[in-house]
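# Working through the structure, step by step
The residues making up each chain are set out below.
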Amino acid sequence: MFFWITSALKVLVAVGFLAQIGALLLWVERKQSAMMQSRIGPNRATIKIGSLEIRAAGLVHSIADGIKLVWKADWEPTGGDHFLYRLAPIAAIVPALCLCAVIPFGPTVYVDHVRDLYDPAWATDVATAARSIPLQIANLDVGVLFIFAIAGAGVIGAALAGWSSDNKFSLMGGLRAASQMVSYEVAMGISLVGSMMIFQTVRLDEMVTWQTQHCWGIFVQPVAFVLFVTAAIAETKRVPFDTPEGESELVAGYFTEYAGLKMGMFASGELVEVCVSSALITTIFLGGWQFPFVQLTGLEFHYFGINVSWHWAHFIVVALGFLTFTLKCVVLIFMQLQVRWTLPRFRYDQIMKLGWRMLLPAALLNVLVTGTVLLFLNSSNG
Amino acid sequence: MEPVDLDFEEADLELPSEPMTLLMGPSHPAMHGTIRMILKLDGETVQDVDIQPGYLHRGFEKMSERGTWSQVFPYTDRLNYVSPLLNNVGYALAVEKLLGIEVPRRGQLFRVILGELSRIADHLTCNGAMAMELGAFTPFLWFLKAREWIYEACEEQTGARLTHSFFRIGGAVFPPTEKLQDQIRSILPRLLEVVVEGESLLLKNRIFLDRTQGVGILTREHALAMGASGPVLRSAGIDYDVRKDKPYLTYAECDFDVPVGEDGDTYDRFMVRAEEIRQSCRIIEQSLDLMKKIEKGSPEDAVSIVDPRIVLPPKDKVYSTIEGTIAHFKLIMEGINVPPGEVYGYTEAGNGELGFLLVSRGGGNPWRVRVRGPCFFSLQAAHDMIRGGMLADIIPTFGSINMIGGECDR
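To start, this report covers the structure provided alongside it. Nothing here was measured: the structure is a model prediction, and the numbers come from that model.

Counting residues in hydrophobic clusters, the biggest one holds 67 residues, and the most contacted among them are Tyr184, Leu192, Phe241, Ile281, Ile284 and Phe285 of chain A. Considering every element that reaches this core, the biggest residue donor is helix 12 (residues 260-285) of chain A, with 10 residues. Look past the residues within four positions of leucine 192 of chain A in its chain and what remains in contact with it is Val144, Phe148, Phe228, Ile284 and Phe285 of chain A. Core analysis: the next-biggest nonpolar cluster, separate from the first, contains 46 residues, Trp149, Ile150, Ile184 and Tyr248 of chain B among them.

Put into structure tokens, the structure is as follows:
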């Protein structure tokens, strides 16, 4: 019972959070781009209560946009496949939301011992472990493989939208989306093989544990980090990889024919993907919820001849872990938005060349080198 | 036509396919709402393209025949609406050629300064918009910020930001204001800074280079055959600039270079425009210096000629003297009496050689006004620049031609 209640709560919090993140990121993106481009950004939308005017630095615009999208005419093209047309936005946004299920956003909370110092024995103690809350919705054995499978399903939404809209621009956008996402899926998968070999697991919580005990993934797999970030940005279909919706030649690409909330689902799905990919990069390469030099027991700094051990209560470590995870995600999201406003977009064939001729060979080479080094280290140890 | 990147053996292995016809425009974000392209696509490759301009045809030439010579000015503002002052200058010079008059020196320098400011605005907009259509939004808005300073300077001098209608046959409406020197001198260095800043985001960017280099190539021969001019022609390697080869106004006194491209691709067109912005700044600075040297009160110091048959009398004279009233009445009701004849006046506008062929049969109205809009000829050449490329290449290629609907369709 305890498990079901906590799980339901976690799902509610995560989905609710991600559903709102679209509106929030829209505001962040607008304000950030305004700063970069010497503009003021949105500041007009106002909620008036009597003489009180609430603008919240443009945050009200996100609410106004949401209301506008809901009340827009739900127009549909007369031709095309109506069932698939309505299914496509759902097929696009659901995988993005599902992805967050396996990402650990904090250390396991042991409800009975929140005020105590962490003790590894808790995990093996049956009664304590039964009343623990892993800050992760689903702790799957397949971990990363689940992510690849679900992220791969994301392409279905775009392809369906392009096909069912009965519009040549949409069709070309859908085709571009399908080929681009499938191509980068390959490079993305192989770029993580090296990390899996080092972490010796595909479970995301164990990956974080490994990084807590040794060092962050970015230091042992720097090449994979660059490859994975590139492929992840390509998966979100944002500039410079936004040819599927390349607004200058394909109008709006695969969602040209969508209006109102359906269009909003594609748009916010994209922002949710930005958020989830940031969380994923954080988990695999940036130590997840780990704050530098902090173990489950507290601060442990034993370098350069300095030895500091500062023990904290369990709930402080948990809270710090959750905050650290959020902070790392926010930094990565900012970075991704920054890329969006700095770079022009690739041409379709250039994206394919980059994916197949550069990222994929580099990822394979990374696997080879990692394997060789691991083999060498193991044989010299044993 | 075979896809360009496949050799024949590979092409034979392709499944049989037929080209897809795609109607691009006029309601399409890249077509300015004024152009339609009918594309025959093989996958993403453009097999053939049919460019159909004319959606902004307003009958400029016919409208001009209905009014007096002076009433054409507001129409010229709407030719290339990104640099209206250059069109004002072009038309005024053509009529003055027919009348056989020349504007005093101060008026000439004033025309050069405001005209070059407009050219900078034109090039900033074109380069920025091209980058924006490639997805680089930020440089575009930086360039527009700089353009805003130019608009402020133009507003100070002419009273309008976009449709100035400022120059007149025989001069200008007002003499330069006191702010002219300081304001423009303070703008130029800031403007060049913004240009460098914007370019730093593009010219060291592999993506931008890949998207523009070797794309939309226009050969020398083809550029000449199609009658292209301005930056499009110069980027193809031909150093024809009306300001240099047939100097008008005070351009002969200014020291400036004509940038020339090598390959005639989109990148070269971008770079030619970027360099012309710097050269225009040089011209403006020199012209401001020359203007300072004019002796106060000398005949050279005026902006308009003194001839009541051509230039409107000042308003206080109109209301207080009978001569002023009659001159005003005659000029407004009958127009300037231009002697019969035919003349082709041509200047270097933002997009290239802007020509006005004027036919007069005497009297206050033009008999025929024919405009050689430079971007119409660049658009002619676009057909071969686009064909054989990729669908996505249409965007930078078309953007770098700087097709302005008002000028192309008239």
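On to empty space enclosed by the protein. Residues and elements named next belong to chain A. What the rule picks out here adds up to 7 cavities of 30 Å³ or more. Roughly 170 Å³ of volume is contained in the largest cavity. The wall of the largest cavity is formed by 16 residues, among which Leu99, Ala151, Met188, Glu235 and Glu273 lie closest to the centre. By volume, the second largest cavity is sized at about 90 Å³. If you trace the second largest cavity, you find it lined by Ala92, Gly154, Gly157, Ala158, Thr236, Lys237, Tyr254, Met265, Phe266, Gly269, Glu270 and Glu273.

Here the focus is the pattern of salt bridges. All names here are of chain B. All told, the structure shown has 33 salt bridges over all chains when counted by the stated rule. Note that glutamate 61 is salt-bridged to arginine 368, the shortest N-O span being 3.5 Å. Of this pair, glutamate 61 sits in helix 2 (residues 60-66) while arginine 368 sits in strand 8 (residues 368-372); the two residues are 307 residues apart in sequence, bridging distant segments of the chain. A salt bridge links arginine 185 to aspartate 289; its shortest N-O distance comes to 2.8 Å. With a gap of 104 residues between them, arginine 185 in helix 7 (residues 180-202) and aspartate 289 in helix 12 (residues 266-293) connect regions that are remote in the sequence. Salt bridges sharing common partners tie together Glu116, Arg119, Arg234, Asp241, Arg243, Glu276 and Glu348.

The next subject is the layout of surface pockets. If a probe as big as a water molecule is rolled over the atoms, it shows which places are left empty. Residue and element names in this part refer to chain A. Considered as a void within the structure, the largest pocket measures approximately 1,400 Å³ in volume. Lining the largest pocket are 47 residues, and of these Leu26, Arg30, Ala267, Ser268 and Leu271 sit closest to its centre. Mapped by element, the contributors of at least two residues to the lining of the largest pocket are helix 1 (2-36), helix 2 (60-71), helix 3 (82-99), helix 12 and helix 13 (314-342). In terms of residue count, helix 1 provides more of the lining of the largest pocket than any other element does, 13 residues in total. Broken down by class, the residue content of the lining of the largest pocket amounts to 26 nonpolar, 8 polar and 13 charged.

All names here are of chain B. Pairing is antiparallel across the open sheet formed by 3 strands, whose spatial order is 6-7-8. This sheet does not close on itself; its edge strands, each paired only once, are strand 6 (341-349) and strand 8. Pairs of neighbouring strands in the sheet enclose a mean axial angle of 15°, with direction left out of account. As defined by bridge partners, strand 6 adjoins strand 7 (residues 352-360) across 9 bridges and the pair is classed as antiparallel. Paired with threonine 347 across the strands is leucine 354, a residue of strand 7. The sheet strands contacting helix 4 (residues 84-99) are strand 6 and strand 7, and the helix crosses strand 6 at an angle near 150°.

Residues and elements named next belong to chain B. You will see that serine 165, though not glycine, has its phi angle at about 45°, which is positive. Inspection of the secondary structure assignment puts serine 165 in the loop between helix 6 (137-158) and strand 4 (167-168). Although it is not a glycine, leucine 249 adopts a positive phi angle of roughly 50°. Among the structural elements, leucine 249 can be located in the loop between helix 11 (242-245) and helix 12.

A few words on the interface of chain B and chain A. The partner chain A presents 26 residues to the 32 residues of chain B that form the contact. Both sides of the chain B and chain A interface together cover about 2,500 Å² of buried area, and 63% of this is carbon and sulfur. Among the residues chain B hides against chain A, the three largest losses belong to Glu44, Ile207 and Arg211 of chain B. Together they make up 20% of the total. At the junction of chain B with chain A, the criterion picks out 2 salt bridges. Counting across the chain B and chain A interface gives 12 residue pairs in polar contact (both at pLDDT 80 or more). Mapped onto the side of chain B that touches chain A, the elements with two or more residues apiece are strand 1 (20-24), helix 6 and helix 8 (206-212) of chain B. Within the side of chain B that touches chain A, the residues separate by chemical class into 20 nonpolar, 6 polar and 6 charged.

Attention now goes to helix 15 (residues 374-386) of chain B. All names here are of chain B. Taking 1.5 Å of rise per residue, the 13 residues of helix 15 would be expected to cover 18 Å, and the 19 Å separating its terminal C-alpha atoms lies within 8% of that figure. If you look at helix 15, its biggest bend is around 30°, right at glutamine 380. Turning to helix 15, its buried residues number three or more, namely Pro374, Cys375, Phe377, Ser378, Leu379, Ala381, Ala382, Met385 and Ile386. Just downstream of helix 15 lies glycine 388, where phi reads positive at about 90°.

Residues and elements named next belong to chain B. For strand 7, the buried fraction is high: 8 of the 9 residues fall into the buried class. Note that strand 7 and strand 8 share 5 bridges and pair antiparallel. Considered in strand 8, the bridge of phenylalanine 356 is made with valine 371.

Quick notes on the rules
- Residues numbered from 1 in each chain as written.
- Chains lettered and ligands numbered in written order.
- Predicted model: local features only at pLDDT ≥ 70, side-chain atom pairs only at ≥ 80, totals over all residues.
- Heavy atoms only, no water.
- Core = buried A, V, L, I, M, F, W, Y, C linked by side-chain atoms within 4.5 Å.
- Buried < 20%, exposed > 50% of the residue type's maximum accessible area, 1.4 Å probe, protein only.
- Helix = DSSP H or I, 4+ residues; strand = E, 2+ residues; numbered from the N terminus.
- Contact = heavy atoms within 4.5 Å.
- 1 Å grid on protein atoms, 1.4 Å probe; cavity = no way out; pocket = protein on both sides within 12 Å on 5 of 7 lines; lining within 4 Å.
- Points joined across faces, edges and corners; volume = space filled by probe spheres on them.
- Salt bridge = Lys/Arg side-chain N within 4 Å of Asp/Glu carboxyl O.
- Nonpolar A, V, L, I, M, F, W, Y, C, P; charged D, E, K, R; others polar.
- Pairing = 2+ DSSP bridges.
- Axes fitted to C-alpha atoms, helices over the stretch in contact; angles between N-to-C directions.
- Buried area = accessible area lost by both parts, 1.4 Å probe.
- Polar contact = N/O pair within 3.5 Å; in protein donor to acceptor, adjacent residues only side chain to side chain.
- Expected span 1.5 Å × (residues − 1).
- Bend = angle between axes of the 7 residues up to and from the residue.

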